[in-house]
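Each chain, letter by letter, is given below.
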Amino acid sequence: MPALCSAVDADRWHYVGMTNNPSRITRAVVPAAGTLITVAPTGAETAKSDCPQLPTTLAELVETAVTCQAAGASLIHIHIRDADHQPSLDAGLLRETVQAVREQTSLVIQLSTGGNVHDPLEKRLTVLDAEPDSCSLTCGTTNFGDDVFLNPFPFMAQLYRQAQEREIVPEFELFDLGHVAALRRLIDAYGLPFGGKVHVDFITGVPGGMPGTPAALLAGIQALPPEVTSWAATGIGRTHLPIAAAALASGGHLRVGMEDNLNFAKGQPVQRNDELVSRAADLARLMQRPPLNTDEARVLLSIKDRRTV
Ligand code: KMH
Ligand code: ZN
């Protein structure tokens, strides 16, 4: 069976960072058994009025990024909000956000191209103009509660081609088993992403997508194409913790954060994103898969170094 993730090689240290443009990629040796922890701190669906502790201003987001890196995160998945705390794809604000997080942390910066369920496809493509390190790329349309999260194949292809041209590393978001098949189709049609790595994230437990169960996650893992070099998983709401445990036990990486889960435990709302990151980091250490630092994450994903200092 082909290696589906770095942890399959758990006992070996191996060179990663091979790329179609090696001079612009961090090269190092990383312990393959570590855990990439992504924080998704805000999302586009929760209202600030319903959750005042949600980081929606730039200052709150930067502070969140700093504390989450200290707690063990190495990648941040960002959705921004406007001055009224509404989801936004404003080009200037996106640039400002990328710049500020890049100045204050060494986190891999991933901008959401999923936006809010009501964002038009054309506008979602413009996110790449802010020159993030990475972008999300959802591999198919999904029922999303009472709404529809639209991702037709031509849109996926356009986003993928633009990310390749701009040397931005996509993270393929898989909400359903059919999305794994669409990823296969995308790679067959357009080749590998910039940097040559294929990193996917199973987003489980969305009402309308794959359930947040270990059985569903394992079905997804078993269907992954051999080109996939690493995978992560997250569970929405109360599936957050069981999916994290199942992912770690299966050799995967983790995504946590208030985009996905607003309760630390029953009756205990999350107050800060770093609480979720700390718990994930503890779990990873317990499983002998300690959090990757940001340099190791950059190597794992073959991220182009856009930092100026
Ligand atoms: N807000 C969801 C509709 C992504 O960031 O790429 C989509 C989402 C996925 O959050
Ligand atoms: Zn998102």
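Look a little higher up for the structure.
Everything in this summary refers to the structure shown in the same document.

1. Quick notes on empty space enclosed by the protein
Right, so step 1: Tallying each qualifying case throughout the model produces three cavities of 30 Å³ or more.
Right, so step 2: What the largest cavity holds in volume is close to 70 Å³.
Right, so step 3: Taken together, Ala-44, Ile-78, His-79, Ile-80, Pro-87, Ser-88, Leu-89, Leu-94, Ser-112, Gly-115, Asn-116 and Asp-119 make up the lining of the largest cavity.
Right, so step 4: Across the lining of the largest cavity, the residue classes tally to six nonpolar, five polar and one charged.
Right, so step 5: What lines the second largest cavity is His-240, Leu-241, Ala-244, Val-256, Leu-276, Arg-279, Ala-280 and Leu-283.
Right, so step 6: Breaking the lining of the second largest cavity down by element, the ones donating at least two residues are α7 (240–249) and α8 (273–286).
Right, so step 7: Looking at which element gives the most residues to the lining of the second largest cavity, the answer is α8, with four residues.

2. What to know about the coordination of the zinc ion (ligand 2)
Right, so step 1: On the protein side, the zinc ion (ligand 2) has His-77 (NE2), His-79 (NE2) and Glu-259 (OE) as donor atoms, found 2.1 Å from it.
Right, so step 2: Of note, the zinc ion (ligand 2) draws all its donor residues from one chain, in the sequence arrangement H-x1-H-x179-E. The two residues His-77 and His-79 agree in class, both being buried.

3. Brief notes about the site of ligand 1
Right, so step 1: By nearness alone, every residue bordering ligand 1 is listed as Glu-45, His-77, His-79, Ser-112, Gly-114, Gly-115, Val-117, Ser-136, Thr-138, Phe-144, Phe-149 and Glu-259.
Right, so step 2: Note that an oxygen atom of ligand 1 is positioned 2.6 Å from one of the side-chain N or O atoms of Ser-112.
Right, so step 3: Between ligand 1 and Ser-136 there is a distance of 2.7 Å, counted from an oxygen atom to a side-chain nitrogen or oxygen.
Right, so step 4: In isolation ligand 1 offers 300 Å² of accessible surface; the protein chains occlude 98% of this area.
Right, so step 5: Cavity membership is defined here by more than half of the atoms lying within 2 Å of grid points; on that basis ligand 1 lies in the largest pocket.

Definitions and cut-offs
Residues numbered from 1 in each chain as written. Chains lettered and ligands numbered in written order. Predicted model: local features only at pLDDT ≥ 70, side-chain atom pairs only at ≥ 80, totals over all residues. Heavy atoms only, no water. 1 Å grid on protein atoms, 1.4 Å probe; cavity = no way out; pocket = protein on both sides within 12 Å on 5 of 7 lines; lining within 4 Å. Points joined across faces, edges and corners; volume = space filled by probe spheres on them. Nonpolar A, V, L, I, M, F, W, Y, C, P; charged D, E, K, R; others polar. Helix = DSSP H or I, 4+ residues; strand = E, 2+ residues; numbered from the N terminus. Donors = N, O, S within 2.8 Å, 3.2 Å for Na, K, Ca; no water. Buried < 20%, exposed > 50% of the residue type's maximum accessible area, 1.4 Å probe, protein only. Near = heavy atom within 4 Å. Polar contact = N/O pair within 3.5 Å; in protein donor to acceptor, adjacent residues only side chain to side chain. Areas by Shrake-Rupley, 256 points an atom, 1.4 Å probe, with all protein chains shown as cover. Sits in = over half its atoms within 2 Å of the grid points.

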